[in-house]
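One letter stands for each residue in the lines below.
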Amino acid sequence: MQEEQNINKTKVMSPWMMVWSRFKKKKTAVAGLIIFILLVLSAIFAPFLTPYQLETIDKAARNQAPSAAHWLGTDNLGRDYLTRILYGGRVSLKVGLFAVIISIVLGIIIGGIAGYYGGWIDNLLMRITEIVMSFPFLPLAITISAVVGEGLPGEYKMYITMFIIGLLSWPGLARIIRGQILSLREQEFMLAATALGLSDRRKIFKHLIPNTLGYVIVYATLGMASAILSESSLSFLGLGVVPPTPTWGNLVLSARDAHILTTRPWLWIPPGLCIFLAVISINLIGDGLRDAVDPKSHR
Amino acid sequence: MSKHLLEVKDLRTYFYTDKGVVKAVDGVNFHVDEGKTLCIVGESGCGKSITSMSVMRLIQEPGKIESGQILYQGNDLLDLSDEEMRNIRGNEISMIFQEPMTSLNPVFTIGYQIMETLMLHQKLSKKDAKKKAIEMLQLVQIPRAEKIVDEYPHQLSGGMRQRVMIAMALACMPKVLIADEPTTALDVTIQAQILNLMNDLKQRLNTAIMLITHDLGVVAEMADYVVVMYAGKVVEEGPVKELFANPKHPYTIGLLNSKPNLKEDKDRLDSIPGMVPNPTDLPKGCYFWPRCKYATDLCKQRQPELKKVDSNHQVSCFVASGEVESSAK
């Protein structure tokens with residue numbers, strides 16, 4: 001009787017629940033997750049966290065130092081700087097997220113097809129992957145941005161930046177997935193799936209890809225960190241998202257002025273700090289996930 | 001007009017390797033009838049598994065089905081498009097594999113894997129499919145089916161997983177079940193349970209079973225009709241009782257002698273001398289002659305054909321069918 005109750009009490013653990021329980025044990029990863037959640041929440045609830053509008057220009061209050069009214073001071077047009085950082089977080093995180101989604105979709109499709117079919121299809125797709133991989137990222141991103149982005153209104157710049165980063169960062173994932181699928185497709189359960197009458201598409205995307213999801217998630221988190229960094233660098237160079245749309249990257253841009261750099265550090269330290277926190281927290285999460293997903297990594 | 005549910009005619013499956021052409025299955029004929037069990041017996045590497053894979057059209061590069069017909073309800077499966085073949089697989093003909101430990105996808109629940117075929121082939125809704133999945137698990141005698149349905153493969157033992165495989169294979173009520181050494185990876189008590197279960201299901205669902213095995217004990221328990229294969233060819237076939245009581249081919253006799261017998265007291269089991277010949281370099285004449293103590297000069301030159309020795313007992317051996325006298329005893 002006692003035993004039967006015990007059996008009923010043990011809950012079925014899905015593989016993801018096991019990953020979560022291992023993830024929870026790692027303090028740095030949980031710390032990263034908390035920091036990241038705070039950043040995301042502050043970006044989502046930006047309108048409620050500040051009394052100012054993003055575009056409100058107050059000419060009377062230009063270039064102010066931090067005060068009770070403007071916690072991080074104001075910029076040269078009298079806009080509240082904290083407000084711009086909060087809204088800038090929205091853009092930066094959004095660009096990072098969508099760039100990663102684009103690269104995951106491409107990576108999964110290309111890696112999955114190459115790995116499953118092999119032969120000349122694999123050869124062709126992997127050569128394309130290598131070509132994309134061998135482009136130096138920044139010069140190419142700058143060129144594309146300069147050519148495509150010419151004359152476009154500022155808002156579109158954000159989307160172009162997303163696509164540039166996404167389109168240039170899928171090869172790593174495609175390779176990982178291809179390698180995984182090469183070994184997975186020889187497993188007996190795939191033969192069993194064929195024997196059950198499943199189509200190729202179903203086999204690749206419903207049976208093989210879920211088996212690689214552990215790697216995809218780790219890649220996605222780490223990829224998001226680098227996408228945020230790429231966006232910052234592009235925006236800093238003035239080729240990513242351009243003002244008046246704020247991002248952490250183009251807010252740091254103000255530091256290019258030597259005068260601002262030395263006398264008004266509140267203009268460039270906070271957005272820089274945000275980039276730093278976002279990237280390090282995501283990396284901590286990714287690290288924790290990597291250990292949690294890979295059963296071989298624990299002691 | 002074919003009266004048989006599944007009929008394989010002159011099937012030839014060759015593998016094109018760097019070392020030459022391997023004739024893994026070389027002109028095999030057999031048929032399976034509704035509610036009957038056909039056993040294909042033979043040593044490792046004699047082409048049993050390739051035969052079963054050919055029926056499902058699961059042969060992969062560099063293998064190729066060279067010629068022959070696989071008639072299912074009178075239609076040749078080899079003529080079907082990939083799409084039509086997918087509708088046959090898992091729905092009309094399904095298959096259980098040797099390794100239950102690796103034949104289930106580790107990232108999905110047992111229930112989902114059974115439901116998938118049901119939703120795909122029978123177009124059931126998710127809810128109905130789940131109900132049916134639980135029923136199937138109960139049918140294969142898995143205890144606490146309502147709970148197991150939400151569990152993952154790693155939580156089950158080998159015997160349980162093989163039951164799940166059978167449940168998956170039978171979910172769409174296929175007319176033919178191909179079982180490729182379904183009990184080889186299991187321990188003996190579980191083997192017996194699985195075999196009983198298959199026999200039971202055969203009677204209940206009237207499924208035809210094509211059982212691939214090298215275990216003559218399994219054959220004796222399961223088969224209605226037996227096909228003995230050697231080096232890609234059928235060497236002897238007949239109803240199980242006839243074949244066990246009156247084996248003709250030296251290879252069949254050798255197989256039967258090499259199994260332990262309760263009535264005799266032997267220190268060592270008999271074995272068939274020699275090895276299965278290298279498939280890229282088969283001997284001229286009868287493939288079995290280098291290992292056969294009855295071999296005659298004729299055996300070394302010509303290949304014997306299947307000849308009737310009884311109404312439905314056939315053997316391909318010059319000596320057994322009485323065409324030549326062997327000097328050996």
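Residues numbered from 1 in each chain as written. Chains lettered and ligands numbered in written order. Predicted model: local features only at pLDDT ≥ 70, side-chain atom pairs only at ≥ 80, totals over all residues. Heavy atoms only, no water.

Further remarks concern the overall build of chain A. Within chain A, the regular secondary structure consists of 14 helices and zero strands. Mapped in sequence order, the helices and strands of chain A form the string α-α-α-α-α-α-α-α-α-α-α-α-α-α. Dimensions along the principal axes, computed over C-alpha positions, put chain A at roughly 75 × 60 × 30 Å. Counting only residues that meet the buried cut, chain A has 45% of its 299 residues in that class. Of the contacts made within chain A by residues no fewer than 6 positions apart, 71% connect residues no fewer than 24 positions apart. Summing over all exposed atoms, chain A offers an accessible surface of approximately 15100 Å²; the carbon and sulfur share of this is 67%. Computing the positive centroid from 27 side-chain charges and the negative centroid from 18, chain A places the two 2 Å apart. (Helix = DSSP H or I, 4+ residues; strand = E, 2+ residues; numbered from the N terminus. Buried < 20%, exposed > 50% of the residue type's maximum accessible area, 1.4 Å probe, protein only. Contact = heavy atoms within 4.5 Å. Areas by Shrake-Rupley, 256 points an atom, 1.4 Å probe, with all protein chains shown as cover. Lys, Arg positive; Asp, Glu negative; His and termini not counted. Charge placed at Lys NZ, Arg CZ, Asp CG, Glu CD.)

What follows concerns the interface of chain B and chain A. Each partner contributes residues to the interface: chain B has 31 residues there, and chain A has 22 residues. Summed over both partners, the interface of chain B with chain A comes to about 2300 Å²; 63% of that surface belongs to carbon and sulfur atoms. Viewed at the interface, chain A and chain B are joined by one salt bridge. With its nearest N and O atoms 2.8 Å apart, the salt bridge here joins glutamate 116 of chain B to arginine 202 of chain A. Linking chain B to chain A there are nine residue pairs in polar contact (both at pLDDT 80 or more). At the level of elements, β6 (93-96), α3 (110-121) and α6 (158-170) of chain B are the ones that each hand at least two residues to the side of chain B that touches chain A. Of the residues that constitute the side of chain B that touches chain A, the class distribution is 15 nonpolar, eight polar and eight charged. (Buried area = accessible area lost by both parts, 1.4 Å probe. Salt bridge = Lys/Arg side-chain N within 4 Å of Asp/Glu carboxyl O. Polar contact = N/O pair within 3.5 Å; in protein donor to acceptor, adjacent residues only side chain to side chain. Nonpolar A, V, L, I, M, F, W, Y, C, P; charged D, E, K, R; others polar.)

It is worth spelling out the sheet that holds strand β5 (residues 75-76) of chain B at this point. All names here are of chain B. Ordered in space as β2-β1-β4-β5, the four strands form an open sheet in which the pairing is antiparallel. The outermost strands of the open sheet, each flanked by one partner alone, are β2 (20-32) and β5. Note: strand β1 (residues 6-17) against strand β4 (residues 63-72), eight bridges, orientation antiparallel. In the sheet register, lysine 9 faces β4, and the bridge partner there is glutamine 69. (Pairing = 2+ DSSP bridges.)

Right, let's talk about the confidence of the model for chain B for a bit. Of all residues in chain B, 98% have pLDDT values of 70 or greater, and the mean over the chain is 85. The lowest-confidence element of chain B is strand β11 (residues 307-310) of chain B, averaging 82 in pLDDT; the highest-confidence one is strand β3 (residues 37-41) of chain B, averaging 91. (pLDDT = per-residue confidence, 0-100.)

Counting 100 residues, the largest nonpolar core has Leu6, Phe30, Ile93, Ile114, Leu137, Ile166 and Met210 of chain B as the members making the most contacts within it. Considering each element in turn, this core owes the most residues, eight residues, to α6 of chain B. Leave out the neighbours within four places in its chain, and leucine 6 of chain B touches Phe30, His31, Val32, Val55, Ile70, Leu71, Tyr72, Ile93, Val176 and Met210 of chain B. Counting residues in hydrophobic clusters, the runner-up holds 71 residues, among them Ile108, Ile165, Phe189 and Val293 of chain A. (Core = buried A, V, L, I, M, F, W, Y, C linked by side-chain atoms within 4.5 Å.)

For the rest of this paragraph, the subject is the pairing of β3 of chain B. The side chains of a regular strand alternate between both faces of the sheet. Residues and elements named next belong to chain B. Counted residue by residue, β3 has five buried out of five residues, so it is predominantly covered. Residue alternation in β3 divides its side chains into two sets, Thr37, Cys39 and Val41 and Leu38 and Ile40, and both sets are buried. Relative to strand β8 (residues 208-213), β3 runs parallel, the two being bridged by five bridges. If you follow valine 41 over to β8, its bridge partner there is threonine 213. As defined by bridge partners, β3 adjoins strand β9 (residues 225-230) across four bridges and the pair is classed as parallel. In the sheet register, valine 41 faces β9, and the bridge partner there is valine 228.

Glancing now at empty space enclosed by the protein. All names here are of chain B. Across all of its chains, the model carries five cavities of 30 Å³ or more by this definition. Put simply, the largest cavity is a space of about 90 Å³. Along its surface, the largest cavity is lined by Tyr230, Lys233, Val235, His249, Cys286, Tyr287, Phe288, Gln303, Pro304 and Ser316. In this model, the second largest cavity occupies a volume close to 70 Å³. (1 Å grid on protein atoms, 1.4 Å probe; cavity = no way out; pocket = protein on both sides within 12 Å on 5 of 7 lines; lining within 4 Å. Points joined across faces, edges and corners; volume = space filled by probe spheres on them.)

All names here are of chain B. The phi torsion at arginine 144 lies on the positive side, around 50°, for a residue other than glycine. With respect to the helices and strands, arginine 144 occurs in the loop between α4 (126-139) and α5 (145-148). Judged by its relative accessible area of 40%, arginine 144 falls in the partly exposed class. For glutamate 181, which is not a glycine, the phi torsion comes out positive at approximately 45°.

Bringing the packing of α3 of chain B against α4 of chain B into the picture now. For any two helices packed against each other, one specifies the crossing angle of their axes together with the interaxial distance. All names here are of chain B. In contact at an axis separation of 8 Å, α3 and α4 are set at 115° when each is read in the N-to-C sense. Judged by the sense of rotation from one axis to the other, the crossing of α3 with α4 is right-handed. Mapping the contact onto sequence places Ile110, Gly111, Ile114, Met115, Leu118 and Met119 in α3 and Lys126, Ala129, Lys130, Lys132, Ala133 and Leu137 in α4. Split into classes, the residues belonging to the contact of α3 with α4 amount to eight nonpolar, one polar and three charged. (Axes fitted to C-alpha atoms, helices over the stretch in contact; angles between N-to-C directions. Left-handed = near helix turned anticlockwise from the far one by under 90°.)

A separate point is the sheet that holds strand β7 (residues 176-180) of chain B. Think of a sheet as strands paired side by side through backbone hydrogen bonds, with each pair either parallel or antiparallel. Residues and elements named next belong to chain B. Across the sheet, eight strands lie side by side as β6-β7-β8-β3-β9-β10-β12-β11; this open sheet has mixed pairing. Bordering the open sheet on either side are β6 and β11, each of which pairs with just one other strand. Direction aside, neighbouring strands of the sheet carry axes that sit 20° apart on average. Taken together, the six bridges between β9 and strand β10 (residues 233-239) define a ladder with antiparallel strand orientation. When the sheet's bridge partners are listed, valine 228 is paired in β10 with glutamate 236. Contacting β6 and β7, α6 crosses the sheet at an angle of about 175° to β6. Packing against the sheet, helix α10 (residues 250-257) makes contact with β3, β9 and β10, and its axis sits at approximately 105° to β9.

Residue and element names in this part refer to chain A. A rise of 1.5 Å per residue sets the reference length of helix α6 (residues 119-134), with its 16 residues, at 22 Å; its end C-alpha atoms lie 22 Å apart and thus fit the reference within 8%. For α6, the complete set of buried residues consists of Asp122, Leu125, Met126, Thr129 and Val132. Buried residues of α6 fall within an arc of 115° about the axis and therefore sit on the same side. Along α6, exposed side chains directed more than 90 degrees from the buried face belong to Trp120 and Ser134. (Expected span 1.5 Å × (residues − 1). Arc of directions from axis to C-beta.)

Moving on to helix α1 (residues 48-55) of chain B. Residue and element names in this part refer to chain B. Of all the eight residues making up α1, six are buried; the element is thus mostly covered by neighbouring parts of the structure. Every buried residue of α1 is accounted for by Lys48, Thr51, Ser52, Met53, Ser54 and Val55. Positive phi appears at arginine 57, one or two residues downstream of α1, with a value of about 55°.

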